[in-house]
Amino acid sequence: MLSLILCSQESDTARLTLVFAGDIMGHDEQIAGAWDSASKTYNYEPTFRYIKPFINNADIAIANFEVTLGGPPYKGYPQFSSPDALAVAAADAGFDVFILANNHALDRGKAGFIRTVDMLDSLNIIHTGTFRDPETRNINYPLILEKNNLRIALLNYTYGTNGIEIPKPFIINRFDTTVIRKDLEKARLAGIDQIIVTLHWGEEYQRNENLQQRKMAEFIFRHGADIIVGSHPHVIQPVQLTFRTDSTLENIVVYSLGNFVSNQRAQYKDGGIVFELKLIKTAGNTRVEDFSYLPSWVYREDTAEKSNFYVLPVSLYESGKSGIILKDYDKYKIARFAQDTREHLK
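Conventions used here
- Residues numbered from 1 in each chain as written.
- Predicted model: local features only at pLDDT ≥ 70, side-chain atom pairs only at ≥ 80, totals over all residues.
- Heavy atoms only, no water.
- Helix = DSSP H or I, 4+ residues; strand = E, 2+ residues; numbered from the N terminus.
- Rg over C-alpha atoms; globule rule 2.2 N^0.38 Å.
- Contact = heavy atoms within 4.5 Å.
- Phe/Tyr/Trp six-rings, centres within 6.5 Å; stacked < 30°, edge-to-face > 60°.
- Buried < 20%, exposed > 50% of the residue type's maximum accessible area, 1.4 Å probe, protein only.
- Polar contact = N/O pair within 3.5 Å; in protein donor to acceptor, adjacent residues only side chain to side chain.
- Expected span 1.5 Å × (residues − 1).

## What to know about the overall build of the protein
And then number 1: Per the secondary structure count, the protein includes 10 helices and 19 strands.
And then number 2: Its C-alpha atoms give the protein a radius of gyration of 19 Å, within 12% of the compact-globule value 20 Å for 346 residues.
And then number 3: Considering only C-alpha atoms, the protein reaches an extent of 60 × 45 × 40 Å along its principal axes.
And then number 4: Across the protein, every contact between residues at least 6 apart in sequence was considered, and the portion connecting residues at least 24 apart equals 73%.

Next up, the structure:
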């Protein structure tokens, strides 16, 4: 296993804050919107401008990177290939880790798979869920993140790859209970404080989890995981808590974070939540000290030339401090998204 030490801190009490963001997508309109005709380059900085302080505030920030960096021609749905500038801007916004095991990982075939991994490596962006070969996976998986005297194991799996066969020797972590059980055991033997499993699962556009998700969550918790964070449905699904007999929190499953950024504009699809998890370790015992969610809505500003995309924290907009002036229709949409989200998760 590869252990990545992001920083260390000596203290009797250790604390660590993690944030998880949902699907980073790259539809055609987003690609066109990022094009800067003056510099002849792609620029995604505006996309992350308003959410950046929230991401940077975490010790470790993790996002589902649901595109390939397959090179030109750049294309959105159904076979995504985004400019490298998307990854650069996401990292600049504070994301430390990309999870890659999702149904679009093979959208650009072998060449796109390799180029994505190579480009992220060249940008020094930590990633997991996909591997060049079994040996690389054995060395680097589970991904161990060390910071503030806490050791976190991060695991990542997907339900599938849109029917595309995974060419050897590549590995994309798929749902296989035998493999997952062994991976969890390997993580536990590594002296881990918390095991977090990220899953690409569920039914698209369904606002509640299905039976298969619940069964998989039960299996993963039974074999030692502490937290599960999900993606894929492109809408927000419930957060479920499990408590011990002494009423302390035992497990959390976030069934779906929804879309972090995309061009999906319909109700429930036009945003997501950024999930914040605070861990504390005292006397060798690690537990969840606190958790919260930040609703974030995707504002698409349409001009005569193109559409500009911004991930807008709902609380920042509601406070009046964002500086963004929305048209009446957009005011209605962000208010509807905020109400839908809060009612759904209350």
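## Considering the packing of aromatic side chains
And then number 1: Summed over all chains, the structure comprises 15 aromatic pairs.
And then number 2: Note on Tyr77 and Phe80: the rings are 6.3 Å apart at their centroids and 65° apart in plane angle, and the pair reads as edge-to-face.
And then number 3: Centre to centre, the rings of Tyr299 and Tyr310 are 5.8 Å apart; their planes meet at 25°, and the pair counts as stacked. You can see Tyr299 sitting in strand S18 (residues 285–302) and its partner Tyr310 sitting in strand S19 (residues 307–313), a full 11 residues away along the chain. Comparing Tyr299 with Tyr310, the two get one shared label, buried.

## Describing the side chain of Thr341
And then number 1: Tracing the backbone through its elements, the reader meets Thr341 in helix H10 (residues 328–345).
And then number 2: A polar atom in the side chain of Thr341 sits 2.8 Å from the backbone oxygen of Phe337.
And then number 3: Look past the residues within four positions of Thr341 in its chain and what remains in contact with it is Ile236, Ile273, Tyr293 and Pro295.

## Examining helix H7 (residues 177–188)
And then number 1: Spanning 12 residues, H7 covers 16 Å between terminal C-alpha atoms, matching the ideal 16 Å at 1.5 Å per step.
And then number 2: Those residues of H7 hidden inside the fold are in contact with helix H6 (134–140), strand S10 (150–158), strand S12 (194–200) and helix H8 (211–222).
And then number 3: The opening residue of H7, the one whose side-chain oxygen lies 3.0 Å from the backbone nitrogen of Thr178, is Asp176.

## Quick look at unusual backbone geometry
Negative phi values dominate among residues other than glycine, just as trans dominates among peptide bonds.
And then number 1: For the peptide bond that leads from Pro72 to Pro73, omega is 0°, which places it in the cis range.
And then number 2: Locating Pro73 in the fold gives a position in the loop between strand S5 (60–65) and helix H4 (84–92).
And then number 3: The residue after Lys168, namely Pro169, is reached through a cis peptide bond having omega 5°.
And then number 4: In this structure, Pro169 sits in the loop between S10 and strand S11 (171–172).
And then number 5: The phi dihedral of Asn148 falls on the positive side, at around 55°, and the residue is not glycine.
And then number 6: Inspection of the secondary structure puts Asn148 in the loop between strand S9 (143–147) and S10.

## What to know about the environment of Lys75
And then number 1: With respect to the element layout, Lys75 can be found in the loop between S5 and H4.
And then number 2: What makes Lys75 partly exposed here is its relative accessible area of 34%.
And then number 3: Contacts of Lys75, omitting those with residues within four sequence positions, involve Gly26, Asp28, Ile31, Phe80, Ser81 and Arg108.
And then number 4: Separated by 2.9 Å, the side chains of Lys75 and Asp28 make a polar contact.

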